[in-house]
Amino acid sequence: MCRFTVATCFFTLILAGCATPEKPESPIYGGTGGMTEWNILPNVYLFHYENGFTGVDALGYDAKLQSIWSRLGAAQSCDIHFDTQIMISKLINQYGETAITHELNGIGFHRVQSRRIPKFCDKQRVGEINKAVKRYKRGDFN
C-alpha cells in the first residue's frame, strides 16, 4: 500500500508540473534601492529598463505600460521624434489614465531617468527604441 501511495504522489507531481507551464519570471533586482527610491541610481534604472518594471518597481502602474513609457522617455532622451499628443491619446485608449499621468508620471519620468545614464543612446539601443516607437505609432503596444 505504501508503494502505491508514493507512486501515486510522484505521478501526480509530475503531471501537475506538466499541466501548469509557467513563463519564466523576470529577473528580480537584488541590489540596494530600487524604483521606489527618491534618487534612483542609473544602474538601478538601467536594470529595470532592460528587465522590466514589475512588483513594487512598477510603482502601481501596469508593468507593460511602464515599459512603453520607458521606451517613449528614452526616445525623447535620444532625440527620436514622435508626436507626443497623438501617442498619449493612443495610450489613453489602450490603458486609460489621464493625459498628465502619461506625460509626466510616465514618459517624462522615464526621460529624466534615461538621461542620467552615460552612453544610454548607443547605436543598438537607438535602433531598438526606433522599432518600438514605430510599433507604438501603429497602436501596437505588445
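Residues numbered from 1 in each chain as written. Predicted model: local features only at pLDDT ≥ 70, side-chain atom pairs only at ≥ 80, totals over all residues. Heavy atoms only, no water.

Glancing now at the nonpolar core. Membership of the largest hydrophobic core comes to 25 residues, with the highest contact counts inside it found for Tyr49, Leu72, Met87, Leu91, Phe120, Ile129 and Tyr136. Elements that contribute at least two residues to this core include exactly α2 (42-51), α3 (63-77), α4 (84-95) and α6 (123-137). No other element matches the 6 residues that α3 contributes to this core. Not counting residues up to four positions away in its chain, the partners in contact with Met87 are Leu72, Phe82, Val133, Tyr136, Lys137 and Phe141. (Core = buried A, V, L, I, M, F, W, Y, C linked by side-chain atoms within 4.5 Å. Buried < 20%, exposed > 50% of the residue type's maximum accessible area, 1.4 Å probe, protein only. Helix = DSSP H or I, 4+ residues; strand = E, 2+ residues; numbered from the N terminus. Contact = heavy atoms within 4.5 Å.)

This part covers the side chain of Gln113. Residue position: Gln113 is located in helix α5 (residues 99-115). Accessibility expressed as a relative area gives 8% for Gln113, which makes it buried. Excluding residues that lie within four positions of it along the chain, Gln113 makes contacts with Ile40 and Tyr45.

The next subject is the packing of aromatic side chains. Note on aromatic pairs: each is described by the distance of the centres and the angle between the planes. Counted under the stated rule, the structure contains 6 aromatic pairs. Here the aromatic rings of Tyr61 and Trp69 are separated by 4.9 Å at their centres, their planes lie at 70°, and the arrangement is edge-to-face. Relative accessible area serves as the criterion here: at 0%, Trp69 is assigned to the buried category. Taking the centre distance of 6.3 Å and the plane angle of 70° together, the rings of Tyr95 and Phe141 count as edge-to-face. Here Tyr95, found in helix α4, pairs with Phe141, found in the segment after α6; they are 46 residues apart in sequence, far enough to count as distant. According to the relative accessible area criterion, Tyr95 is partly exposed, its value standing at 22%. (Phe/Tyr/Trp six-rings, centres within 6.5 Å; stacked < 30°, edge-to-face > 60°.)

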